[in-house]
Amino acid sequence: MERRHFELDRGYLNLDEHALYFTRSGNWQDALGTPELSSGFAPRRTLHVLFGFLLIGARAFFELLHLPTRGPEGLLLTAGLTGLGVLVLYHTFRHDLAPSYRIPRSKLLSANTTERGTALHFVDGTMKERNVTVKLPPAALEIIATWLEHDHTGRTARG
């Protein structure tokens, strides 16, 4: 099978005989380097977001405690904490509109169309069954349906 590339609402989908690659750029170099989706993805992002908001909220905390934050020290403290918090959030969210991961073809169990998009049911990298819902173009749905049909009937080997 040839490599295919589709633009999604958020990010890109690259397909080949081995996997579905969800990427931010659509570049095949990026796609081939994406990690398999697993349950270890979310905590790191959540920790960064929490840390960013904590830094931004630190100024309000100092104000509530009535610590001496007026004058040049207060301005420096406010600018520093807010700036650092915004920087952490920026680095966390700058490419977060589209997560990068892959779903191996051999682990894809089903694809069902719903009103919200296509629900992909698969086994993740930690061997747990998961569902991800994405809006896929019709051509990508056809390819995935063909994969599932051939893979589940045993007429062709899984990629």
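Residues numbered from 1 in each chain as written. Predicted model: local features only at pLDDT ≥ 70, side-chain atom pairs only at ≥ 80, totals over all residues. Heavy atoms only, no water.

Caption draft 1: How the structure looks around the sheet that holds strand β2 (residues 12–15). Across the sheet, which stays open at both edges, the four strands sit in the order β1-β2-β3-β4 with antiparallel pairing between neighbours. Edge positions in the sheet fall to β1 (4–7) and β4 (101–104), since each has one partner strand and no second. Across the sheet, the axes of successive neighbouring strands diverge by a mean angle of 15 degrees, strand direction being ignored. The pairing of β1 with β2 spans four bridges and is antiparallel. Across the sheet, E7 pairs through a bridge with Y12, a residue of β2. (Pairing = 2+ DSSP bridges. Helix = DSSP H or I, 4+ residues; strand = E, 2+ residues; numbered from the N terminus. Axes fitted to C-alpha atoms, helices over the stretch in contact; angles between N-to-C directions.)

Caption draft 2: Up close: the side chain of N14. Tracing the sequence through the fold places N14 in strand β2. At 3.0 Å, the side chain of N14 and the backbone oxygen of G26 are in polar contact. Not counting residues within four places of it along the chain, the set of residues in contact with N14 comprises R4, H5, A19, L20, Y21, T23, G26, N27, W28 and A31. (Polar contact = N/O pair within 3.5 Å; in protein donor to acceptor, adjacent residues only side chain to side chain. Contact = heavy atoms within 4.5 Å.)

Caption draft 3: Spatial organisation of the nonpolar core. Ranked by internal contacts, the top residues of the largest apolar core, which has 20 residues, are L13, L20, F22, L108, L120 and L136. Going through the elements one at a time, β2, β3 (19–23), β4, β6 (117–123), β7 (129–134) and α4 (138–153) are the ones with two or more residues in this core. With five residues, α4 is the largest single contributor of residues to this core. Here L20 is in contact with L13, N14, L15, Y101, R102, I103, L108, L120, I144 and W147, once residues within four sequence places are set aside. (Core = buried A, V, L, I, M, F, W, Y, C linked by side-chain atoms within 4.5 Å. Buried < 20%, exposed > 50% of the residue type's maximum accessible area, 1.4 Å probe, protein only.)

Caption draft 4: Quick peek at the packing of aromatic side chains. One pass over the structure, following the stated rule, counts two aromatic pairs. Ring geometry for Y21 against W28: centres 5.7 Å apart, planes inclined by 75 degrees, an arrangement best described as edge-to-face. The buried category is assigned to W28, whose relative accessible area is 17%. Across the ring face of W28, the terminal group of R3 is positioned such that the distance to the ring centre comes to 4.6 Å. (Phe/Tyr/Trp six-rings, centres within 6.5 Å; stacked < 30°, edge-to-face > 60°. Lys NZ or Arg CZ within 6 Å of the ring centre and 35° of its normal.)

Caption draft 5: Here's a closer look at the pattern of salt bridges. Under the counting rule described, the total for this entry stands at three salt bridges. Note that E36 is salt-bridged to K107, the shortest N-O span being 2.7 Å. Here K107 lies in the loop between β4 and β5 (108–114) and E36 lies in the loop between α1 (28–32) and α2 (42–64), a separation of 71 residues in the sequence. A salt bridge links R130 to D124; the nearest nitrogen and oxygen atoms lie 3.8 Å apart. Exposure remark for R130: the relative accessible area of 26% places this residue in the partly exposed category. On the accessibility criterion, D124 (1% relative accessible area) is buried. What you see here is one network of salt bridges that share partners, running through E36, R102 and K107. (Salt bridge = Lys/Arg side-chain N within 4 Å of Asp/Glu carboxyl O.)

Caption draft 6: Local environment of the sheet that holds β5. Read across the open sheet, the three strands follow the order β5-β6-β7; overall the sheet is antiparallel. Where the open sheet ends on each side, the last strands, each with one partner, are β5 and β7. Across the sheet, the mean angle from the axis of one strand to that of its neighbour is 20 degrees, orientation sign disregarded. One ladder, built from six bridges, connects β5 with β6; its direction is antiparallel. Bridge pairing in β6 links L108 to F122.

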